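# A look at the structure
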Amino acid sequence: MAATPESPAAATTRRKAGRHRGEGQWAVGHHTPLNGNEQFKKDDDGLNVRTRIETIYAKSGFDSIDPNDLRGRMRWWGLYTQRKPGIDGGKTAILEPEELDDKYFMLRVRIDGGRLSVAQLRAIGEVSEQYARGTADITDRQNIQLHWIRIEDVPAIWEKLEAVGLSTTEACGDCPRVIIGSPVAGIASDEIIDGTPAVDEIHERYIGSKEFSNLPRKFKTAISGSPVQDVVHEINDVAFVGVVHPEHGPGFDLWVGGGLSTNPKLAQRLGTWVPLDEVADVWAGVVGIFRDYGYRRLRTRARLKFLMADWGPEKFRQVLEDEYLERKLVDGPAPEEPVSRWRDHIGVHRQQDGRFYVGFAPRVGRVDGTTLTKIAELAGAHGSDRLRTTVEQKMIVLDVAEDQVDSLVAGLEALDFQVTPSPFRRGTMACTGIEFCKLAIVETKGRGSWLIDELERRMPDFQEPVTINLNGCPNACARIQVADIGLKGQLVLDGEGNQVEGYQVHLGGALGLEPGFGRKVRGLKVTADELPDYVERVLRNFDAQRTDGERFAQ
Ligand code: SF4
């Protein structure tokens, strides 16, 4: 008997069902681990590794560490093994993980909202000097990362950090990472709403809790009530963006499902207005959906953006309301366009209370322990006890009296931290790169710094805002897809056919008013040595051809 022909609609439904049958979603009954990461998370919660670090590994040394802790659970406490020195980028994809592992760690200090007191910054500086060979990098998620950490020193480092209220809890791993917050929350004179209470409530209720310590993969949060929209909300798993509801007043617009990496997607609005005191509950609902419905079969599809791509914002909102909040959310307006193309708060700005905040620019986020301590002392000597890190790898000193501003600016500039930097120093970011990262193919930090020097020397009159982001591999830790000039590290051929370090170029990415991903210019790859020549050429062409007010991205 001939089979009955299937209708196109039925075929589509069957294909979709088939595609999702094996995604490993807990909510549809898939609790059997489908890969090694899911297995080790099921075997033991990532948070539990702390006890073993304190009682066994720190005493018995690196070789005593269980491999599932070493390359898995230790991330829940901010620890990654760093790259063994001297292994070139060509070997990254060839070697086994254990061949790339050094016996030292990167330690990520979690800084929710980018908020630091003088004592906290000093403590990080001292840990860097005492335990991390002086290393310290400000990340583009407001954290500070240290390198060369020995497992033997980790308990003492925790003690020192926790004594001043800092932690490394869930700084990495498949859990809620640092909560990005507007670095000028509560002080900026143009603020729509201060999101700080929501950052604190989420942290107190959920960070370090086993309710969300086994997610399909990492989960990134951003909260800002600044009209500058200074938390890259477009590329976070969940974001709350300050808006004014015509009836209910200031609150937040909810965005879900953004993320970059190798399959970038912009977050989508759910079209709902969330009051400040409900942000933590709504956040927990979104994370709950990710925990229960998120895809766990393939690591490459385990971010919330893939679920959002399949569900769409209407279904996501409906599930959030019906299954997690058990109430309807209020419809709300979209945010206004950002009030500034620079979103980093560099420069001197008046606060709500009449004092000033001073934003300054370390080069590509690279600092060191001694310098962090000097920044802390400088801030304290000018009457401030509050500093901030930004998502552009920059820093801000808050609460400076008017008669102290000039002296503080001079002190920062003496440390090579410019308060009125060139667009190149201001707009260039770089990820960790081959110096410490096991996934890296090329160097980034030193090259980014060299590029800044070259562009400042060659183009002293160029004043347009421009973002130049360097990554050491195809991942997106430095957000290459949303930069004006994104540089993705890879090996390329030089003029003589030799394989050398270089970059695939992406042009015209942007966040803000018209967000979009940069175009990968087909075949456009530059060697590392050619980088300043290439970037100079692109910028000069742009400058010569642009019309008034044109953004680089257009
Ligand atoms: Fe490492 Fe690649 Fe991320 Fe850079 S982009 S820090 S090289 S994983």
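Residues numbered from 1 in each chain as written. Predicted model: local features only at pLDDT ≥ 70, side-chain atom pairs only at ≥ 80, totals over all residues.

## Considering the site of the ligand
Selection criterion: In this analysis, residues qualify as near a molecule or strand once their C-beta atom, positioned from backbone atoms, comes within 6 Å of it. Residue type decides the class: Asp, Glu, Lys and Arg count as charged, Ala, Val, Leu, Ile, Met, Phe, Trp, Tyr, Cys and Pro as nonpolar, and the leftover types, Gly among them, as polar.
Cys431, Thr432, Gly433, Cys437, Leu439, Ala440, Asn471, Gly472, Cys473, Asn475 and Cys477 make up every residue found near the ligand. Among the residues making up the shell around the ligand, the classes are represented as six nonpolar, five polar and no charged.

## Some remarks on the pairing of strand β16 (residues 395-400)
The criterion, for reference: In this scheme the burial state of a residue depends on its C-beta neighbours within 10 Å: 20 or more other such atoms mean buried, 12 or fewer mean exposed, and anything in between means partly exposed; the C-beta positions come from the backbone. Under the scheme used here, helices are H or I runs from DSSP no shorter than 4 residues and strands are E runs no shorter than 2 residues, and both carry numbers assigned from the N terminus. Strands are treated as partners if at least two bridges between them are detected by DSSP.
The buried fraction of β16 amounts to five of the six residues, a majority that puts the element mostly inside the structure. Note that strand β13 (residues 356-360) and β16 share four bridges and pair antiparallel. Within the sheet, the bridge partner assigned to Phe360 lies in β16 and is Met395. Across three bridges, strand β15 (residues 386-389) lies against β16 in antiparallel orientation. Bridge pairing in β16 places Thr389 opposite Met395. In textbook terms, the turn of a hairpin is the stretch between consecutive antiparallel strands, and for β15 and β16 this stretch comprises five residues, one of which, Gln393, has a positive phi near 65 degrees.

## Here's the deal with the sheet that holds strand β6 (residues 176-181)
Put simply, the rule reads: The contact criterion used is a C-beta to C-beta distance within 7 Å, with each C-beta placed from the backbone. Every axis corresponds to a line fitted to the C-alpha atoms, with the helix fit spanning only the stretch in contact, and the corresponding angles, defined between N-to-C directions, vary from 0 to 180 degrees.
As summarised here, the arrangement of the six strands in space is β6-β7-β8-β9-β10-β11, forming an open sheet in which the pairing is mixed. At either end of the open sheet lies a strand with only one pairing partner, and these are β6 and β11 (330-331). Here strand β7 (residues 219-224) runs beside strand β8 (residues 238-245); their pairing, made up of four bridges, is parallel. Residue pairing in the sheet places Ser224 in a bridge with Val241 of β8. Packing against the sheet, helix α8 (residues 196-206) makes contact with β6, β7 and β8, and its axis sits at approximately 165 degrees to β6. Strands β7, β9 (249-256) and β10 (268-274) of the sheet are contacted by helix α10 (residues 304-325), whose axis makes an angle of about 50 degrees with β10.

## What about the confidence of the model for the protein chain?
Using the following cut-off: A residue's pLDDT is the confidence the predictor assigns to it, expressed on a 0 to 100 scale.
On average, the protein chain scores 93 in pLDDT, and the residues at 70 or more come to 95%. Throughout residues 1-6 the model reports pLDDT below 50, and contacts reaching past four residues in sequence, or to other chains, amount to one contact. This model gives residues 9-15 a pLDDT under 50, and the stretch forms one contact once residues within four places in sequence are excluded. Listed scores for the predicted complex are pTM 0.94 and ipTM 0.99.

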